[in-house]
Every structure is written in C-alpha cells, then in structure tokens.
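The residues making up each chain are set out below.
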Amino acid sequence: MAIAPDNYPALLAILLGLAWLGFWSERHPIACRIPGVVWILGGGTLLSNFGLIPHASPLYGAIGGYVMPIAIPLLLYKATFAKILGESGRVLPLFFIGAIGVCLGALIAAQLPGLGGHGPQVAATYAAAWIGGMTDMVAMAEITGLPKDEFAVAVSASAPVSIIGLMILVSLPNIPFVRRLIPSPIADGQSGGHESRDEPAAAELNIAHMAGGLALSAAICWAALALTRITGHENYSLFVVTLITVVLANIVPGPMRALKGDFELGMFIMYLFFAMIGASTDMTAFLTAAPIYFVLGLVVILVHILVVLVAARLLRADLAEAIIGSGANIVGAAAAAGIATSKGWKSLVTPAIATGMLGKAIANFFGVAVFHLLS
C-alpha cells in the first residue's frame, strides 16, 4: 500500500533509511564501488516509481527549502585559503587550469542540439559540480532556477560520467603514449603502487560542536536570505550562503577548525536531500532526458581532461600531479586522495585534499560565470 503524501512520519522514516543506505554503502567492500549518492538516488527513484512513496509531498518541499541550505555552511567551515594554498603545491595551478577546462567544456557542451531550454542551466550546474562537488551542484541548480525534476535527471546522468572520468584518470599512467608525452618521476619512483590502505579513522564527533555549528549555519542562511530579499535576488541566496561561510572561515579559522562533527552532519543532511530528490524523480522524464545530459556531461569531462593534459605537457608538470589536480576537480577531494593512496603517491594525498577543499569554495563563482556567458 502506497504511503500518502501527508504521512510525514512514514516518509521521513523512508528518507532517513535511504540516507543510511548511502553511508552504509560507502563502508561496504562491494557496494562502495558505486557512489553512495547513486544508491540513495536509485533507491528513492525505485520506491516512488513503483508507487510505494509519492513523487510529491510537502515534506519534500520542507527538506529542499529549509533543511538542505543548512548543510552548505557545515561543509565549508574549514575551507581556509591559508591551509589550501600552503598544502596544495604544484597541484594547485593544474587544478585551476582544470577548473577552466571544466568551464570550457560546459560552454562547448551547451551548444549540443536537443538540450532544450534548460541547456544553459544544466551546463552551469555541471560546471559547479565538477569543480566543487554535489553541494555546489545543488546551489547552482537553485541559482539558475533549474526545476527539481530536471535537476534529478541531471544528477542521475552525471553519476556514470563521473565514474567514466575516474576510470580514465586512473588508467592514464598505464598508457605508453601518455607517459611518453608527460613523464612522471613520481609514478616511476613509487614501489608497485599497490600498498594496502589503512581503514579510515572514525570521525570524532562532539554534540556541543555540532549543535553550535548547526545554529551558526541557520544564522548564515537567515542572513543570506535577508540580504538577497533586500536586493531582489532571492534565487542567489545559496550563493550568498557560500560567500558568507568562506569569508567567515578565513576570518576566524581557529574556532572553525576546532569544530568536530560539522562536516559529517552536513553530509547527513545532504544525503537526506538526495533521498528526497530520488523520491521526486519521474523515470519517464529520466528515460527521455537523461541520454542528452549524459552526452553533455561526457563532453565536459573529456574537454577538461584534454585541457589538463595539454597544460601538463606545456608546463612540464608530472603526470601524477596532473591526474590528482584533475581528480580534485571532477571527483572531489576524497576520491582524488584515494587515487593518490592506491597508486602509492603519498606526497600527493595532502594536495588532493587541499585543492578539493578549494574547489568547494570557488565552484559557484565559476558556475555563475558559465551561466551568464550562456544566458
């Protein structure tokens, strides 16, 4: 029997269960091969399209409108430029070139036929996603006014593109032609590249810190909404939330750095949001619109990788550094650090994390620029 749209306890139980599924999958030795976000979106989509839960509910609107924005500051409290610039090394210029490559790819891909009226919005949203991450993708969709059903389709189509991009990056050192063009002393000097990975340490949580971070996040969202209402640009509220948080993180880095559990709480809220997005997805729309968005995303990723490789060749950079700079763009800090660890490039783990953090702080600026160029 289907759950009614106004049965909030039952719907919340389902959505929270999907969020749990995302976290569980990332720790499972087999399920972790597919990103947690994909498990969440896929689970929500299946449940709604088989009629077990509704496609629309006031609860979904509350999560998207009031709960989700609070996650953005929680994920950015530690985005200090001093730490990022101090630890990123030679990966940083390649990361910036990669961000430009993402934007160039988005501008080219937006010219594809068959995109319809949402082409510029999706291209800008993808640009933000593959420079910063899913949080920036959500914010850019809000900024550009991308409808929620189109956003759900765009997210679903972007997941396999990200996986393809990751597979290309990890395969590059094994391609003789690429190794001849872009030598890699780092890859040549590592021993085998198959060192065992330590189990990730459990996050240290502090309930007082989490409550304080949550209150501060709500206050930032309140201030951003008030400012955008005064200026008449309310759809830019999430952009202003990002701006305020990054400024705050760099003005008072000590208290922000001391917070424990803020990032994990932000990820939980984002996973709850993605569960709602999956539940809102209409498979009919996905089957008709997803293929063109997949092609759009693929163009963006391929142009980006080509730009990074050309830059690495011209700058005489190490191929390993180019791979990590690109990875920090298109798959994020955690996955880029994972590439460095699995390849035995220990010196590049910290730059991967540092540049990935930078991407979260600057992605929306690049996304807005792409959107205005296409509008």
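Everything here concerns the structure above.
Let me begin by describing the structure that accompanies this report. (Residues numbered from 1 in each chain as written. Predicted model: local features only at pLDDT ≥ 70, side-chain atom pairs only at ≥ 80, totals over all residues. Heavy atoms only, no water.)

### Here we look at the overall build of the protein chain
In terms of helices and strands, the protein chain carries 18 helices and 0 strands. The buried share among the 375 residues of the protein chain stands at 50%. By element, 70% of the accessible surface of the protein chain is carried by carbon and sulfur atoms, the whole surface being about 16600 Å². (Helix = DSSP H or I, 4+ residues; strand = E, 2+ residues; numbered from the N terminus. Buried < 20%, exposed > 50% of the residue type's maximum accessible area, 1.4 Å probe, protein only. Areas by Shrake-Rupley, 256 points an atom, 1.4 Å probe, with all protein chains shown as cover.)

### Considerations on the packing of helix H7 (residues 134-144) against helix H18 (residues 349-374)
Where H7 meets H18, the closest approach of the two axes is 10 Å, and the angle between their N-to-C directions is 30°. Overall, the two elements H7 and H18 adopt an arrangement that is roughly parallel. Along this stretch, H7 crosses H18, giving a crossing that reads as right-handed. Across the interface between the two elements, Asp136, Ala139, Met140, Ile143 and Thr144 of H7 pack against Gly359, Lys360, Ala363, Asn364, Gly367, Val368 and Phe371 of H18. Across the contact of H7 with H18, the residue classes tally to 6 nonpolar, 4 polar and 2 charged. (Axes fitted to C-alpha atoms, helices over the stretch in contact; angles between N-to-C directions. Parallel < 35°, antiparallel > 145°, perpendicular 65-115°, else oblique. Left-handed = near helix turned anticlockwise from the far one by under 90°. Contact = heavy atoms within 4.5 Å. Nonpolar A, V, L, I, M, F, W, Y, C, P; charged D, E, K, R; others polar.)

### A look at the nonpolar core
Core analysis: the largest hydrophobic core is formed by 115 residues, its most contacted members being Leu15, Tyr126, Phe151, Phe273, Phe274 and Trp345. Among the elements that take part in this core, helix H14 (residues 262-280) stands out by supplying 11 residues, more than any other. (Core = buried A, V, L, I, M, F, W, Y, C linked by side-chain atoms within 4.5 Å.)

### With respect to helix H3 (residues 58-76)
End to end, H3 covers 28 Å across 19 residues, agreeing with the expected 27 Å (1.5 Å per residue, within 8%). The sharpest bend along H3 measures roughly 35° and falls at Val67, with the proline Pro69 sitting one to four residues further on. (Expected span 1.5 Å × (residues − 1). Bend = angle between axes of the 7 residues up to and from the residue.)

### Focus: the environment of Ala31
Residue position: Ala31 is located in the loop between helix H1 (8-27) and helix H2 (36-49). Here Ala31 is in contact with Trp24, Ser25 and Trp39, once residues within four sequence places are set aside.

### Comments concerning unusual backbone geometry
Residue Arg316 is not a glycine yet carries a positive backbone phi of 55°. As for its position among the elements, Arg316 is in the loop between helix H15 (283-314) and helix H16 (319-330). With a relative accessible area of 76%, Arg316 lands in the exposed category.

### Things to note about the pattern of salt bridges
Inspection of every chain in the model, using the stated rule, returns 3 salt bridges. The salt bridge partner of Asp262 is Lys78, with a shortest N-O separation of 2.9 Å. With Asp262 in helix H14 and Lys78 in the loop between H3 and helix H4 (81-88), this residue pair connects regions lying 184 residues apart in the sequence. Judged by relative accessible area, which is 4%, Asp262 ranks as buried. One salt bridge connects Arg90 with Glu321, and the closest N-O pair in it is separated by 3.0 Å. Taken together, the residues span a long stretch of sequence, with Arg90 in the loop between H4 and helix H5 (91-109) and Glu321 in helix H16 at a distance of 231 residues. (Salt bridge = Lys/Arg side-chain N within 4 Å of Asp/Glu carboxyl O.)

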